[in-house]
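# A structural walkthrough
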Amino acid sequence: MKNTMRNILFSLILINIAWMVSADESALKNPDGSWKWTNRLVHETSPYLLLHAHNPVEWYPWNDEALERAKKENKPIFLSVGYSTCYWCHVMEREVFSNPEIAEQMNKNFINIKIDREERPDLDEIYMTATQILMQRGGWPNSVFLTPDLKPFFAGTYFPPTDMPNRPGFPTILTAVHEAWVSREAEVIDSANRITQVIEGAISTGFTALTAKSLDRSLISAAVAHLKNTYNNAYGGFSSAPKFPSPANLEFLLREYERQLRLQPSPIGVANPSNKTTPPTDNESLIKMVTRTLDMMAYGGIYDQIGGGFHRYSVDAKWLVPHFEKMLYDNAQLAKIYLQAYQLTEKPQYRRIAEEIFSFIFREMTAPESGFYSALDAETDAEEGKYYVWTADEIEKSLSAKDVKQFTAVYGVDKGPNFEGKNVLYIPNAAKSEASLKSLRSAREKLLAARSERERPLLDTKIIVSWNGLMIDALAYGYEVLGEEKYLSAASKAAQFILDNLRKPNGELWHTYTDGVTKYDAYLDDYAFFVRGLLGLSNATGEEHWLRSATTLTDKMIQLFWDNKNGGFYFTKVDAKQLIVRTKKPYDSAIPSGNAVVVNNLLMLDASYRNFAKKTLLSFAQATEQSPSSFMHMLYALNGYLSLGENRDVSTQRNKQKLESLTQSLVTATAKIKTLTKDEKIDVEVEVKIAAGWHINANPAGQDNLIPTTITVAKDAPVEISEVKYPKGKSVKFEFSTEFLNVYEGTFTIPLKLKRKSNVPVKKNTPIILKLDFQSCNDTECLLPKTLDIPLKLK
């Protein structure tokens, strides 16, 4: 293998050919505007493949025709792997694949296959692993040369059209690879066989339960220590530049933080020392790593401050300048994490970010037939970020003089350009600016309208089952937390769309849907993530049909993907063809590991599935210990598995988790006006209903260390409370206390008087928000204190 690589590289040095570049699309067209060339990709549905349909290269999609021709003519295959939002993929398409002279060389000596990695993640993983083995690095476009038997022997990423210092041009590569194949075919084949063995060892047979580590909390502790060691105290996150959101890290930390909260000792009815405002010292660092990261991301340029939604990553350590593509999977995962953080901290900015992400998805990435599109490109007119960045003059033309001054100060424009002479909007003074964001809502809407007049980036309209599953789960959770019916409606419609249009008669799933066409057998991730979404809908609504669908698909998944020998799930079906290796993909990438998501799903189903979860965890435990950063979602799932055993009764633990997520439904309240006097005084009655078997502390509660039920009004409300009369509570005695306590049970009312503030105007059609603070308890446990918002409409 080394000799072959050395000979190819030696050939690269000897050959230096100058090539003309044809990057202008007009060079691909005839004088009448028709295309000079059209290849087989014109029949594909992938927006990425269609971008190459008029290259002079004789592209094939990955299919039997191409593979049989390679064998028949004994030609090597040039495999080019990319995706629609890949900047350097577009560059190589313009500079290299649109060049007729380069295309002639490709067509003469190779069978050329182009694939969309989002359509074929199985092939993407195999051949990206080959590139990483051969080059010690990887990336897209991935450029791999294969034998007719599909085994890789030479690889790289982006190649320029001509030779450059320390980087050979693509024509040079083509010549060297062709010469190696013609003159040393046996040696190349031997090298390819060895490389394939290394690939198989790296991504297929390297995971086995026979040498697995036991499942215990040492794995969790080690992962926490790893994240603490890599955490960036200044800007949050867990790396330097480039900086990715890494939602799996954040989700893992949130689960461990919540677990530690639950384990904090707290007498029934006593103020929990680990409530949201004063977390315990040994747990504080966990939530701080999450909230600091979420804050810096939300105020940075990686977040679209005008239109909502996150870009893929930032090129710097400060989350300032993004790589501008927007992916469905990023925004699905981050919306849910911001909602989880909102539940734990009740910081309004986390709710705002989640709501803005959902608004962006509804506005720009939702298909008319339901379902969600996969991605928005980073570039317009071959210029990265052109759609999203601003000059000061553009802002001044769209806003009033008053708004311009405030807007440019809040969004950092007054500090000067930060990206190629223009401005990526960000919020440099977050602590001072959060309050200003509400007043700038109209300004943002005007800029969004102005931006919508620009030429839009390419929208990848593939509806991918796995990524849709993530967004369905996020929206269902959004409904569960915020109670917004539109989130439930969108999640339900998307889930039903997949069940109706991407499920085969035999119960299996398709992977993608584009323009009415379903393609490719579903992968493990499709089943895992979609079931996650169905379970999210089941949890949010209690509707059994979602749970039934989740269970049916889980049974089908086990049938198609389960490894009976070593445990864990393969990424492809048992009858998958044209693959040199069958992989498992247990590690996280930009999306969580399918195997890890499956474990978490199985733990949410009945106990009959638990053995599959345990065997999967055991199969990957050793690899998880060796590289925790690659297995964060597996560790998240392991944490859930271990947590089941921390109570004697598993069902009690599950009920506790469910009750904690449904605290708000245990206590409900409404407010209505009884009388409204001429002197602007308002008599109000608040009716509180408590679920059977539960109570909340009365006011007074009977002991100083208990949390009494109180009702307040927001500071910025146009009214204030002048009088409130709390009803007398029921006197009860619990085992933990020698004294009687006062509690409220069932239904009761709180009468109060409001008076209008003279200096605060009443906004038309805007309800006053009353706030009820309470802690729900039953005879054996107390949940975390909560605040319930109660709207009151003034007549």
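Attention here is on the structure that accompanies the text. (Residues numbered from 1 in each chain as written. Predicted model: local features only at pLDDT ≥ 70, side-chain atom pairs only at ≥ 80, totals over all residues. Heavy atoms only, no water.)

## What about the overall build of the protein?
- When you go through the protein residue by residue, the secondary structure sums to 26 helices and 25 strands.
- Taking all 795 residues of the protein together, the buried fraction comes to 56%.
- Put simply, 69% of the contacts in the protein that link residues at least 6 apart link residues at least 24 apart.
- Accessible area for the protein stands at about 33600 Å²; split by element, carbon and sulfur atoms hold 50% of it. (Helix = DSSP H or I, 4+ residues; strand = E, 2+ residues; numbered from the N terminus. Buried < 20%, exposed > 50% of the residue type's maximum accessible area, 1.4 Å probe, protein only. Contact = heavy atoms within 4.5 Å. Areas by Shrake-Rupley, 256 points an atom, 1.4 Å probe, with all protein chains shown as cover.)

## What about unusual backbone geometry?
- In this structure, Pro-141 follows Trp-140 across a cis peptide bond, with omega equal to 5°.
- The topology assignment puts Pro-141 in the loop between helix 6 (121-135) and strand 3 (142-146).
- Residue Ala-241 is joined to Pro-242 through a cis peptide bond whose omega torsion reads -10°.
- Looking at where Pro-242 falls in the secondary structure, it is placed in the loop between helix 9 (217-230) and helix 10 (247-263).
- Even without being glycine, Glu-420 reaches a positive phi, approximately 50°.
- With relative accessibility at 65%, the residue Glu-420 sits in the exposed group.

## Details of empty space enclosed by the protein
- Evaluation of the coordinates by the stated rule reveals seven cavities of 30 Å³ or more.
- Empty space within the largest cavity amounts to approximately 90 Å³.
- Together, Gly-301, Tyr-303, Asp-304, Gln-305, Ile-306, His-311, Phe-324, Tyr-388, Trp-390, Val-424, Leu-425 and Arg-451 line the largest cavity.
- Here the lining of the largest cavity is built from residues that sort into seven nonpolar, three polar and two charged.
- Looking at the second largest cavity, its volume works out to about 50 Å³.
- For the second largest cavity, the full set of lining residues is Leu-49, Pro-61, Trp-62, Lys-114, Ile-115, Asp-116, Glu-119, Arg-120 and Tyr-520. (1 Å grid on protein atoms, 1.4 Å probe; cavity = no way out; pocket = protein on both sides within 12 Å on 5 of 7 lines; lining within 4 Å. Points joined across faces, edges and corners; volume = space filled by probe spheres on them. Nonpolar A, V, L, I, M, F, W, Y, C, P; charged D, E, K, R; others polar.)

## Comments concerning the pairing of strand 14 (residues 517-521)
- Bridging between strand 13 (residues 510-514) and strand 14 involves four bridges; their strand directions are antiparallel. Bridge pairing in strand 14 places Tyr-513 opposite Thr-518.
- Hairpin connection of strand 13 to strand 14: two residues between the antiparallel strands, including Asp-515 at a positive phi of 50°. (Pairing = 2+ DSSP bridges.)

## What to know about the environment of Lys-728
- Here Lys-728 lies in the loop between strand 19 (719-724) and strand 20 (730-732).
- The spatial distance from the C-alpha of Lys-728 to the C-alpha of Ala-701 is 9.7 Å, given a sequence separation of 27 residues.

## Topic: the state of the cysteines
- Tallied over the entire structure, the rule returns one disulfide.
- The side chain of Cys-86 participates in a disulfide bridge whose partner is Cys-89; the two sulfur atoms lie 2.3 Å from each other. Note on the Cys-86 and Cys-89 pair: the S-S dihedral is about 80°, so by sign convention the disulfide is right-handed.
- For Cys-89, a relative accessible area of 2% translates into the label buried. (Disulfide = S-S within 2.5 Å.)

## A few points about helix 18 (residues 465-482)
- With 18 residues, helix 18 should cover 26 Å at 1.5 Å per step; its first-to-last C-alpha distance of 25 Å lies within 8% of that length.
- By the criterion of burial, helix 18 is predominantly enclosed, with 17 of the 18 residues buried.
- Downstream of helix 18 by one or two residues, Gly-483 has phi in the positive range, about 75°. (Expected span 1.5 Å × (residues − 1).)

## Here's the deal with the nonpolar core
- Core analysis: the biggest nonpolar cluster contains 131 residues, and Phe-252, Phe-310, Tyr-338, Met-471, Ile-472, Phe-530 and Leu-638 have the highest contact counts within it.
- Those residues in contact with Tyr-338 that lie beyond four places of it in its chain are Leu-294, Met-297, Ala-298, Phe-310, Tyr-350, Ile-353 and Ala-354.
- Within the second largest apolar cluster, 31 residues are counted, among which are Ile-690, Val-719, Leu-754 and Ile-768. (Core = buried A, V, L, I, M, F, W, Y, C linked by side-chain atoms within 4.5 Å.)

## Digging into the side chain of Thr-157
- Positionally, Thr-157 belongs in the loop between strand 4 (152-156) and helix 7 (170-183).
- Among the polar contacts listed, one links the side chain of Thr-157 to the side chain of Arg-137, at a separation of 3.5 Å.
- Sequence-distant contacts of Thr-157, defined by excluding residues within four places in its chain, comprise Met-92, Thr-131, Arg-137, Gly-138, Gly-139, Pro-141 and Ser-143. (Polar contact = N/O pair within 3.5 Å; in protein donor to acceptor, adjacent residues only side chain to side chain.)

## Digging into the packing of aromatic side chains
- Under the defined criterion, the tally for this structure stands at 33 aromatic pairs.
- Seen in terms of ring centroids, Phe-310 and Tyr-338 are 5.7 Å apart; in terms of plane orientation they differ by 20°. Their pairing is stacked. Within this pair, whereas Phe-310 is found in the loop between helix 11 (281-299) and strand 5 (313-314), its partner Tyr-338 is found in helix 12 (residues 328-345), the two being separated by 28 residues in sequence.
- Given the relative accessible area of 0%, Phe-310 is considered buried.
- Relative to Tyr-388, the ring of Phe-324 has its centre 6.0 Å away and its plane inclined at 10°; by these criteria the two rings are stacked. Of the two residues, Phe-324 sits in the loop between strand 6 (322-323) and strand 7 (326-327) while Tyr-388 sits in the loop between strand 10 (383-384) and helix 14 (392-398), which places them 64 residues apart along the sequence.
- Above the ring of Phe-360, the side-chain terminus of Lys-326 is found at 4.0 Å from the ring centroid.
- Directly above the ring of Trp-390 sits Arg-454, whose terminal nitrogen or CZ lies 4.1 Å from the centroid. (Phe/Tyr/Trp six-rings, centres within 6.5 Å; stacked < 30°, edge-to-face > 60°. Lys NZ or Arg CZ within 6 Å of the ring centre and 35° of its normal.)

## Some details on the pattern of salt bridges
- Inspection of every chain in the model, using the stated rule, returns 37 salt bridges.
- Between Asp-304 and Arg-451 there is a salt bridge, and its shortest N-O distance comes to 2.9 Å. Within this pair, whereas Asp-304 is found in the loop between helix 11 and strand 5, its partner Arg-451 is found in helix 17 (residues 441-451), the two being separated by 147 residues in sequence. Just as Asp-304 is buried, Arg-451 falls in that class too.
- One salt-bridge network, in which partners are shared between bridges, spans Lys-504, Glu-508, Asp-521, Lys-573 and Asp-575. (Salt bridge = Lys/Arg side-chain N within 4 Å of Asp/Glu carboxyl O.)

## Some words on the packing of helix 20 (residues 524-541) against helix 22 (residues 594-604)
- Contact pair helix 20 / helix 22: the axes reach a minimum separation of 9 Å and the direction vectors enclose 35°. Like other packed secondary-structure pairs, helix 20 and helix 22 cross with a definite hand, here left-handed. Mapping the contact onto sequence places Leu-524, Asp-525, Ala-528, Phe-529, Val-531, Arg-532, Leu-535 and Asn-539 in helix 20 and Gly-594, Asn-595, Val-597, Val-598, Asn-601 and Met-604 in helix 22. (Axes fitted to C-alpha atoms, helices over the stretch in contact; angles between N-to-C directions. Left-handed = near helix turned anticlockwise from the far one by under 90°.)

Any functional reading would require information beyond the geometric quantities listed.
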